[in-house]
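Architecture and fold: a report
Spelled out, the chains give:
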Amino acid sequence: MVEPATATQAAAPAVPQLKDELDIVIPTIRNLDFLEMWRPFFQPYHLIIVQDGDPSKTIKVPDGFDYELYNRNDINRILGPKASCISFKDSACRCFGYMVSKKKYIFTIDDDCFVAKDPSGKAINALEQHIKNLLSPSTPFFFNTLYDPYRDGADFVRGYPFSLREGVPTAVSHGLWLNIPDYDAPTQLVKPLERNTRFVDAILTIPKGTLFPMCGMNLAFDRELIGPAMYFGLMGDGQPIGRYDDMWAGWCTKVICDHLGLGVKTGLPYIYHSKASNPFVNLRKEYKGIFWQEEIIPFFQQAALPKDCTRVQKCYIELAKQVKAKLSKVDPYFDKLAEAMVTWIEAWDELNPTGAALPNGKAK
């Protein structure tokens, strides 16, 4: 049986990496007691908390954390009419935190994710591993059979082209989960007691042209490289679909990363996912998506972006046009989603004007 690490088992790194260049974004509807477990790893960093649901409810944050908290009233005040692109009563609201951040990197985690232990019993600093992933190159154009060649003890295998060994910048680091797997509702229903106890010590670059189901509960990315593509769509209250927010963002992001020559890694780090959501509630949210994805995924597999799309925003607007043209026949929802994608980019650019200086001194 897999158990989470305790706060006393978690040792903080001597010098926190990227302390002034990374924000931790947390969507929540409850008090953030789970941060006590993460204190040794998270306390040096700035938190952006996006409160979902009733804005009159007070969310308690443990003492000692540096944070800013936004509720629905704040989102409406900051974005005005463009707030319509931010989901309500759904964890997709987290992407508002990506938009208001001014840091180069983002790490986002759910409030039911605890510190995991590796096979030796040591607490895993998930944030530290994500940073390592993001700061080392990716290899999307040719698969290395020893997985990530930039890790200690690994390298490029015989036959790997020398011309590709420099790799490309890593835009996304996608982590995994011990205990409760990230299953869809039908799989939850037929495997209600299944738990993931397999710790696989591996990091892979997802090859160019290959899509993947991105999970937002243990995710990091380079906001400067890919931030505007990390829109978690229209989900939750008033929408016909839920639980596809992170996957939609992942499909859009992967197509754009492939086009721009950026890398996406998956594997380490693990977190301990503590709580299984209700499969019957999930089925109600996922029902249409289960059918729709059989057309959505081929759409993304065939999506091509023009050569003049050299900025993420331009790529994303082009994808929105293609969503409207090709997926609206699936359901009118996709017309609405395509419009929200454009609104998202407009709001992003308003809050992040080109040339604005970041805290690390780099211009956007």
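Residues numbered from 1 in each chain as written. Predicted model: local features only at pLDDT ≥ 70, side-chain atom pairs only at ≥ 80, totals over all residues. Heavy atoms only, no water.

**Some words on the UniProt feature "site: Required for activity" (unreviewed entry) in the protein**
Per the UniProt record, the feature "site: Required for activity" (unreviewed entry) sits at R158 and R165. Position of R158 relative to the elements: it lies in the loop between α4 (126-135) and β6 (170-179). Residue R158 is classed as exposed on the basis of its relative accessible area, which comes to 84%. Following the sequence through the fold, R165 ends up in the loop between α4 and β6. (UniProt positions renumbered as here; feature names shortened; annotations may be inferred. Helix = DSSP H or I, 4+ residues; strand = E, 2+ residues; numbered from the N terminus. Buried < 20%, exposed > 50% of the residue type's maximum accessible area, 1.4 Å probe, protein only.)

**Things to note about the packing of helix α7 (residues 245-260) against helix α9 (residues 312-327)**
The packing of two helices is summarised by the inter-axis angle and the distance between the axes. Axis separation between α7 and α9 bottoms out at 10 Å; the angle between their running directions is 125°. Our classification of the angle between α7 and α9 gives oblique. Relative to α9, α7 is oriented so that their crossing is right-handed. The segment α7 lies against α9, with W248, C252, I256, H259 and L260 engaging V312, C315, Y316, L319, V323 and L327. (Axes fitted to C-alpha atoms, helices over the stretch in contact; angles between N-to-C directions. Parallel < 35°, antiparallel > 145°, perpendicular 65-115°, else oblique. Left-handed = near helix turned anticlockwise from the far one by under 90°. Contact = heavy atoms within 4.5 Å.)

**A look at the pairing of strand β4 (residues 105-109)**
Counting buried positions along β4 gives five out of five residues, so the element sits mostly inside the fold. Across the two faces of β4 the burial is the same, with Y105, F107 and I109 and I106 and T108 all buried. Sheet topology note: the β4/strand β8 (residues 218-222) ladder contains five bridges and is antiparallel. Residue pairing in the sheet places Y105 in a bridge with D222 of β8. (Pairing = 2+ DSSP bridges.)

**A short note on helix α1 (residues 35-42)**
Of all eight residues in α1, seven are buried; the element is thus mostly enclosed. Residues of α1 that are buried sit in contact with β1 (22-28), β2 (46-51), β4, β5 (113-114), α4 and β9 (263-273).

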